[in-house]
There are 2 protein chains.
Amino acid sequence: MHTSLESHQYLRQHSIKPSVQRTAVMDYLMKNRTHPTVDEIYSALSPSMPTLSKTTVYNTMDIFVEKGAVRALVIDEKNSRYDVDVSAHAHFICKSCGKVFDIFNLKPVLFQLPKDTPFKIDSVEISYSGICDSCKGN
Amino acid sequence: MHTSLESHQYLRQHSIKPSVQRTAVMDYLMKNRTHPTVDEIYSALSPSMPTLSKTTVYNTMDIFVEKGAVRALVIDEKNSRYDVDVSAHAHFICKSCGKVFDIFNLKPVLFQLPKDTPFKIDSVEISYSGICDSCKGN
DNA sequence: TCAATTTGTGTAATGAGTACAAAGATATAC
DNA sequence: GTATATCTTTGTACTCATTACACAAATTGA
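So, here's what we can say about the structure. Treat the numbers as computed from the prediction; the structure is a model and nothing was measured.

Rules of the game
- Along each chain, the written sequence defines residue order, and numbers are assigned to residues from 1.
- Whichever chain is written first is A, and whichever ligand is written first is 1; the rest continue in order.
- A pLDDT threshold of at least 70 governs which residues receive local features in this predicted model, and a stricter bar of 80 or more applies before side-chain atom pairs are shown or counted, although totals over entire chains, interfaces and linings include all residues.
- Hydrogens and water are ignored here; the side-chain numbers use all heavy atoms of the structure.
- Only DSSP runs of H or I reaching four residues or more are called helices, and only runs of E reaching two or more are called strands; each is numbered from the N terminus.
- Only protein chains enter the calculation, and the probe is 1.4 Å; a residue is then buried if its accessible area is under 20% of its type maximum, exposed if over 50%, and partly exposed in between.
- Near is defined per residue: the residue qualifies when any heavy atom it owns lies within 4 Å of the molecule or strand.
- As used in this structure description, the phrase polar contact means that two N or O atoms lie within 3.5 Å; if the pair is within protein, one of them must be able to donate a hydrogen and the other to accept it, and residues adjacent in sequence are counted only when both atoms belong to side chains.
- Here the term charged refers only to Asp, Glu, Lys and Arg, the term nonpolar to Ala, Val, Leu, Ile, Met, Phe, Trp, Tyr, Cys and Pro, and the term polar to all other amino acids, Gly among them.
- The span one expects for a helix is its residue count, reduced by one, times 1.5 Å.
- Note: the arc covers the axis-to-C-beta directions of the helix.
- Residue contacts follow a heavy-atom distance rule, with two residues in contact if any of their heavy atoms lie within 4.5 Å.
- By convention, the term buried area covers the 1.4 Å-probe accessible surface removed from two parts as they join, with the contributions of both added.
- For this analysis, a salt bridge means a side-chain nitrogen from Lys or Arg found within 4 Å of a carboxyl oxygen belonging to Asp or Glu.

This part is about the environment of A:Ala24. All names here are of chain A. One can find alanine 24 in helix H2 (residues 20-31). Judged by its relative accessible area of 5%, alanine 24 is buried. For the pair alanine 24 and histidine 8, spaced 16 residues apart in the sequence, the C-alpha separation amounts to 9.0 Å.

Take the protein's contact with DNA strand D next. In the vicinity of DNA strand D, 16 residues are found, and the nearest of them are A:Ser19, A:Gln21, A:Thr56, B:Tyr58 and B:Ser80. The contact atoms of DNA strand D, taken as those within 4 Å of the protein, divide so that sugar and phosphate hold 81%. The side chain of A:Ser19 places a nitrogen or oxygen atom 2.2 Å from a phosphate oxygen of DNA strand D. Those elements that place two or more of their residues in the surface near DNA strand D are H2 and helix H4 (54-66) of chain A together with helix H4 (54-66) of chain B. Ranked by residues supplied to the surface near DNA strand D, first place goes to H4(A) with three residues. Split into classes, the residues belonging to the surface near DNA strand D amount to two nonpolar, ten polar and four charged.

Turning next to H4(A). All names here are of chain A. Taking 1.5 Å of rise per residue, 13 residues should cover 18 Å, and H4 covers 18 Å from first to last C-alpha, within 8% of that figure. Listing the buried residues of H4 in full gives Val57, Thr60, Met61 and Phe64. Along the axis of H4, the buried positions cluster into a sector of 100°, meaning they face one direction only. On the buried face of H4, the contacting elements are helix H1 (5-13), H2, helix H3 (38-45) and strand E2 (81-83). A side-chain oxygen of the first residue of H4 lies 3.2 Å from the backbone nitrogen of threonine 55; this N-cap is serine 53. Directly after H4, the chain includes glycine 68, whose backbone phi takes a positive value near 80°.

As a further point, take the interface of chain A and chain B. Chain A puts 34 residues into the contact, and the matching count from chain B is 34 residues. When chain A packs against chain B, close to 2,600 Å² is buried across both sides, 61% of that on carbon and sulfur atoms. The interface formed by chain A and chain B contains two salt bridges. Between B:Lys95 and A:Asp122 there is a salt bridge, with the nearest N and O atoms lying 3.0 Å from each other. For the pair chain A and chain B, the number of links is twelve residue pairs in polar contact (both at pLDDT 80 or more). Listed by contribution, the elements that provide at least two residues to the side of chain A that touches chain B are strand E4 (100-103), strand E5 (120-131) and helix H5 (133-136) of chain A.

Below is the structure:
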């Protein structure tokens, strides 16, 4: 596996020092838009990077989220999942297979933050759930 | 602590056999609209019900959710939280103190399920996050 | 009353995530 | 270039929410 230039640049754009590990993780995220868990990222990279530690993947994801390069999704009760697309869109989780899908093209009003609350709101997460197309037949 | 009649009736309405434990848990949920975790429910009831097992609370919550008497919230990455109000409303989690608050009075359009997707969508969860009023000063 | 079924309990196991300290890599100063 | 400080990575041990499971207790129905 060879990492692309984009991941390297994307990290720099978000003030993240691009180490070998960070670039590999970011590259995986950019090429696999499946909202992977830490375990999935680790398992995918581990064969070609045998010394990679799962702790490193955890640390890396924390930095990515903190720097705004990645969104942490709270939609799967089992694991944290990550999305390198930080633009306004929603997610759908299939209660049968557990996969998480993007939902684009929703009305912009859905992503507006409510103003008349006592809270300082700074983000919104819209999560749908049900059964995905592949699981419908089963 | 004496359980109210409403919790008993509410359980029957949802085809849940009202055992002593289930009634106590439901009563706690109806009187404490704080979106408690299993641990919080257990800790609150345990003193007046010394033989209560945490496993029972887990089982009970599973039944409540399955029967539609309670909504499981996926908003706190640490714990599952539960809301006895199953009507359409959103939630806000304070990233500082971790408390979860209700947000009512949002436009009904927010809770409409998107139609042009390949998925069989049957629920939506709208979660805001930021800093709550009490934590603002700190 | 007795047997069958449902519900509750306690213990042990699982598994995601974190704490921490040591090792390795990178940057900076001289 | 070498020494030093800082940042990053790694492995191990730990925490803690949740689940598995087997047995006990309660309830139901003949």
